[in-house]
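# Fold and contact review
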Amino acid sequence: MPRAHERHRAHQRYRVANERLWRGRCSMDVLTTVTQVLRANAAEAERANRLSDESAKALHDAGLFRLGVPKAYGGLEADLTSCLEVVVELARACPSSSWIIDVSYGAQHLAARFPDRTRQELWTDNPDQAFCGSFNGMAMSTARVDGGQVVSGRWSWVSGCYQANWAVLAVPLVDEQNETVGEAMALVPTRELSIEDTWDMAGLRGTGSHTLVAAEVFVPDHRIRDVADLMQPPAEVRESLYHVSLGSLALTFAGTMLGAAEEIFDATMRVVERGKPMADSVYEHLADSPDLRANLANARTLIDSARLHLFRAADSVDNDAPLDPKTRARVRMDTGYASKLLRQAADLLLSVGGASSLATSNPVQRYWRDLNTAARHPTISAELSTDIYGRALVGISEPASYLV
C-alpha cells in the first residue's frame, strides 16, 4: 500500500490534471484508474514490444487520444502544461504508454494545422483518433496524379503505430512534372500501411516504435501540406494552440522522463525505509550512510529542478506566445537541461539501491532503461539544446535545428 503522503501527492497531481482536462466529462479518479491498468500491464508491454490491448483500451476510454484534438471536433485541445501533467503521471505507471500518448498529442498538433476539409475528415465522426508520425525516412518514390500523390516509402521509429488510426509522415512535395519542389507532411490512414517489426531497444520497448511501410498509397492533396506551412500555420487555423512552434512541443517528451524519475525515487525510498543494510560496511541501514543520504538529497533536488524547468517552459509557451526566437531557444534549453538532470538523478538513485536495482525482477531497472532511452531523443538532447540556446544568446541567427 502506498504511504499516506504518497497518496496525498498522487491525489493532488490527479486533481490538477482532472480539473484542467476532464471537468464535466469524467470522475476525479480517471487517471488513477488508467494508471492502475498500465502498471499491471507494463512488464507484458516490454516483453511483447507493444502495449497490451487492455492498456490501449484504458488510454482510449479515458479520452487520452483526444488530448491534442481541437475542441471544435470534440477534443480536449490541451495546452502544453496539461499535456505535461498527464504524461508525467502516465510515466509513473508505464513510460511507454506515456510516450505513445505524447507522440499522438504532437502529431495531432500537426494534423490540426491542415485545412478545415482535412480536419473534418479526421475528427467529425470520431475525436478519439490515435496518431503517430515520423520525420525519419522519406518516401522512396512519389508520383503526381490527378488530385494528389502516390507514395511508396519506409518510415522508422514510429512510436504507437499499433494503436494509431492515422500517421503523419514526411514525403517529398512534387509538381506536375514530378519534380521535387520541397518537403511536406502527409496524413495517411494506418490501415493503408504495413508495419515492419524493427524495434528492438533496451528501453521504451512497449512503444512498439517499428517501421511503417507504404506501397503505392494514394494521398489526396488536402492531406498533404508543405512543411513551411506547418511551421507557420496560416490564419485559417484559428486556435492559438496550434501556432505553437514545433520545437516547443518537444518539452512534453521530457515529461516521460520526469515521471520515470519520480517512480525510481519513490521505489528507492521504500527500500531505504525498509531498513536495508549497506553491504560490506558498518552501516546497519542505508539511511545511516552520509554518502547515500547525500545521494538521496541530490537526486531529489535534481528531480525538483527538472520539474521547475519543464513547467516554466510549458508556462511560457502557454501564456506568453508567440515567443521570440531567444525565448523559444530557452524553452529548448529548459527541456534539454531537465533531461540531463533527470539522467543524473536516476543514476544516483540506482547507486542508493545497489546492484539489486538492476535485477530483471525489479521494475526500477525498467524505468531506468526507459528514462535513458527517452533522453537520447534528439528533441530533448541536452547537447543539442545547449548549442541552440548558446547560438541564440550570442545572436547567431542560423539555428542548429529547424525545430526551435
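One can find the structure itself at the top, above this paragraph.
The following refers to the structure shown. (Residues numbered from 1 in each chain as written. Predicted model: local features only at pLDDT ≥ 70, side-chain atom pairs only at ≥ 80, totals over all residues. Heavy atoms only, no water.)

## Considerations on the layout of surface pockets
If you add up the space inside the largest pocket, you get close to 910 Å³. In terms of lining residues, the largest pocket is bounded by 35 residues, among which Phe135, Asn136, Phe253, His377 and Thr379 are the most central. Taken together, the elements giving at least two residues each to the lining of the largest pocket come down to helix 5 (95-111), strand 1 (131-134), helix 8 (246-249) and helix 12 (363-375). Per element, the largest residue contribution to the lining of the largest pocket is seven residues, and it comes from helix 5. (1 Å grid on protein atoms, 1.4 Å probe; cavity = no way out; pocket = protein on both sides within 12 Å on 5 of 7 lines; lining within 4 Å. Points joined across faces, edges and corners; volume = space filled by probe spheres on them. Helix = DSSP H or I, 4+ residues; strand = E, 2+ residues; numbered from the N terminus.)

## Overview of the packing of helix 4 (residues 80-93) against helix 9 (residues 253-273)
Two measures define how a pair of helices packs: the angle their axes make with one another and the distance between the axes. Contact geometry for helix 4 and helix 9: axes closest at 7 Å, N-to-C directions at 40°. Regarding the angle of helix 4 to helix 9, the classification is oblique. Read as a crossing pair, helix 4 and helix 9 show a hand that is right-handed. Contacts between helix 4 and helix 9 involve Leu84, Val87, Val88, Ala91 and Arg92 from the former and Gly255, Thr256, Leu258, Gly259, Ala260, Glu262, Glu263 and Asp266 from the latter. (Axes fitted to C-alpha atoms, helices over the stretch in contact; angles between N-to-C directions. Parallel < 35°, antiparallel > 145°, perpendicular 65-115°, else oblique. Left-handed = near helix turned anticlockwise from the far one by under 90°. Contact = heavy atoms within 4.5 Å.)

## Re the nonpolar core
Membership of the largest hydrophobic core comes to 115 residues, with the highest contact counts inside it found for Leu59, Leu90 and Phe131. It is helix 9 that provides the largest number of residues to this core, a total of twelve residues. When residues no more than four places from it in sequence are discounted, the contact partners of phenylalanine 131 are Val103, Ser104, Ala107, Gln108, Ala111, Leu122, Trp123, Ala164, Trp166, Val168 and Leu187. The next biggest cluster of nonpolar side chains, apart from the first, holds six residues, and it includes Ala329, Tyr389, Ala392 and Val404. (Core = buried A, V, L, I, M, F, W, Y, C linked by side-chain atoms within 4.5 Å. Buried < 20%, exposed > 50% of the residue type's maximum accessible area, 1.4 Å probe, protein only.)

## Focus: unusual backbone geometry
Non-glycine residue tryptophan 157 carries a positive phi angle of around 60°. Along the polypeptide, tryptophan 157 turns up in strand 3 (residues 148-158). We note that leucine 204 has phi near 50°; this positive angle belongs to a residue other than glycine. Assignment of secondary structure puts leucine 204 in the loop between strand 6 (194-196) and strand 7 (210-220). Residue classification places leucine 204 among the buried residues on the basis of a relative accessible area of 3%.

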